[in-house]
Amino acid sequence: MSLKLFGIEVQAYYHGGSLHGKDVHKLMSNASEIFKSFADTLKKCKKDDCKLRDKEIDDICQSYANLCVLWDDAFSYASKKGPMKNDIVMSHRFVTAAVHSHVALGLNVTPKVHLMWRHVARQMQLTGGLGYKREDWVEKGHQTSSQTREQHRHNVDVKNVPYQWLAYISSRRIRKY
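Residues numbered from 1 in each chain as written. Predicted model: local features only at pLDDT ≥ 70, side-chain atom pairs only at ≥ 80, totals over all residues. Heavy atoms only, no water.

**Points about the overall build of the chain**
Broken down by element type, the chain carries 8 helices and 0 strands. Shown N-terminal to C-terminal, the secondary structure of the chain runs as helices and strands in the order α-α-α-α-α-α-α-α. Within the chain, the fraction of its 177 residues that count as buried is 24%. In the chain, the proportion of contacts linking residues at least 24 apart, taken out of those at least 6 apart, comes to 51%. For the chain, the exposed surface amounts to about 13100 Å²; the carbon and sulfur share of it is 57%. (Helix = DSSP H or I, 4+ residues; strand = E, 2+ residues; numbered from the N terminus. Buried < 20%, exposed > 50% of the residue type's maximum accessible area, 1.4 Å probe, protein only. Contact = heavy atoms within 4.5 Å. Areas by Shrake-Rupley, 256 points an atom, 1.4 Å probe, with all protein chains shown as cover.)

Given below as structure tokens:
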């Protein structure tokens with residue numbers, strides 16, 4: 001099974017070959033099907049000296065699928081704009097389950113995991129919650145600037161940039177929340 005069937009691209013040049021942004025979202029959205037397919041492939045291709053039984057492979061892959069679902073729900077609740085008390089409670093439940101599953105699988109407790117575990121519930125209680133404070137706009141800015149650099153990388157100087165493009169750039173304003 002290829003992740004490309006789900007429109008997922010592993011970015012070899014970005015963070016040492018990991019997934020990011022939209023690809024992580026696609027993985028989390030299709031985790032059950034993807035990890036079931038991983039299990040099938042692993043069982044079909046395992047070497048004769050593999051010590052894992054088919055059931056163990058299924059269980060491990062299912063654990064990772066469950067972890068993706070838990071984190072996806074935790075991030076969804078944490079990202080709500082203007083969360084209600086019940087949203088904060090549900091977010092904390094999903095985060096708690098995700099962190100316990102995360103640690104049980106032997107995964108590292110990264111700064112993002114720590115922030116979700118220890119700080120997000122309190123931050124959600126602040127005016128507006130975290131929905132308006134996500135880093136998506138930063139990532140979008142990186143993508144836009146990369147596209148612009150690529151588009152104009154052969155330009156010698158600003159005189160070669162079309163006036164309409166300069167007018168567009170200067171008309172952009174930072175959105176205030």
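**Observations concerning the packing of aromatic side chains**
One pass over the full model with this rule turns up 4 aromatic pairs. On the numbers, 6.2 Å between centres and 15 degrees between planes, the contact of Phe35 with Tyr64 is stacked. Highlighted residues: Phe35 in helix 2 (residues 31-45) and Tyr64 in helix 3 (residues 54-78), separated in sequence by 29 residues. Residue Tyr64 is classed as partly exposed on the basis of its relative accessible area, which comes to 26%. Between Tyr77 and Phe94, the aromatic rings sit 5.8 Å apart at their centres with planes inclined by 20 degrees, giving stacked as the arrangement. Residue Tyr77 is found in helix 3, and its partner Phe94 is found in helix 4 (residues 85-104); the two are separated by 17 residues along the sequence. Aromatic ring contacts, followed pair by pair, group Phe35, Phe38 and Tyr64 into a single cluster. (Phe/Tyr/Trp six-rings, centres within 6.5 Å; stacked < 30°, edge-to-face > 60°.)

**Digging into the pattern of salt bridges**
Working definition: two side chains of opposite charge can pair if their charged atoms are close together. Using the criterion set out here, one finds 7 salt bridges in the structure. Residues Asp40 and Lys43 are paired through a salt bridge, measuring 3.8 Å at the closest nitrogen-oxygen approach. Residue Asp40 and its partner Lys43 are both found in helix 2; the two are separated by 3 residues, about one turn of the helix. By relative accessible area, Asp40 is classed as partly exposed at 34%. Lys80 is the partner of Asp87 in a salt bridge, and the nearest nitrogen-oxygen pair spans 3.2 Å. Residue Asp87 is classed as buried on the basis of its relative accessible area of 11%. Through salt bridges with shared partners, a single network forms among Lys36, Asp40, Lys43 and Asp58. (Salt bridge = Lys/Arg side-chain N within 4 Å of Asp/Glu carboxyl O.)

**A look at the nonpolar core**
The biggest cluster of nonpolar side chains holds 29 residues, and the ones touching the most others in it are Phe35, Trp71 and Met116. If you tally residues by element for this core, the top one is helix 3, at 9 residues. Residue contacts for Trp71: discarding those within four places in its chain leaves Met28, Ala98, Val99, His102, Val113 and Met116. (Core = buried A, V, L, I, M, F, W, Y, C linked by side-chain atoms within 4.5 Å.)

**Some points on the packing of helix 4 against helix 5 (residues 111-118)**
Following both chains from N to C, one finds helix 4 and helix 5 inclined at 140 degrees, their axes separated by 9 Å at the closest point. The two elements helix 4 and helix 5 meet at a crossing, and its hand is left-handed. Facing helix 4, whose interface residues are Val95, Thr96, Val99, His100 and His102, helix 5 presents Val113, Met116 and Trp117. Considered class by class, the residues forming the contact of helix 4 with helix 5 number 5 nonpolar, 3 polar and no charged. (Axes fitted to C-alpha atoms, helices over the stretch in contact; angles between N-to-C directions. Left-handed = near helix turned anticlockwise from the far one by under 90°. Nonpolar A, V, L, I, M, F, W, Y, C, P; charged D, E, K, R; others polar.)

**Description of helix 2**
Over its 15 residues, helix 2 extends 21 Å from the first C-alpha to the last, a length consistent with the 21 Å expected when each residue adds 1.5 Å. Within helix 2, burial applies to Ala31, Ile34, Phe35, Ser37 and Ala39. Elements that come into contact with the buried residues of helix 2 comprise helix 1 (21-29) and helix 3. (Expected span 1.5 Å × (residues − 1).)

None of the figures reported here should be taken as evidence of function without further support.
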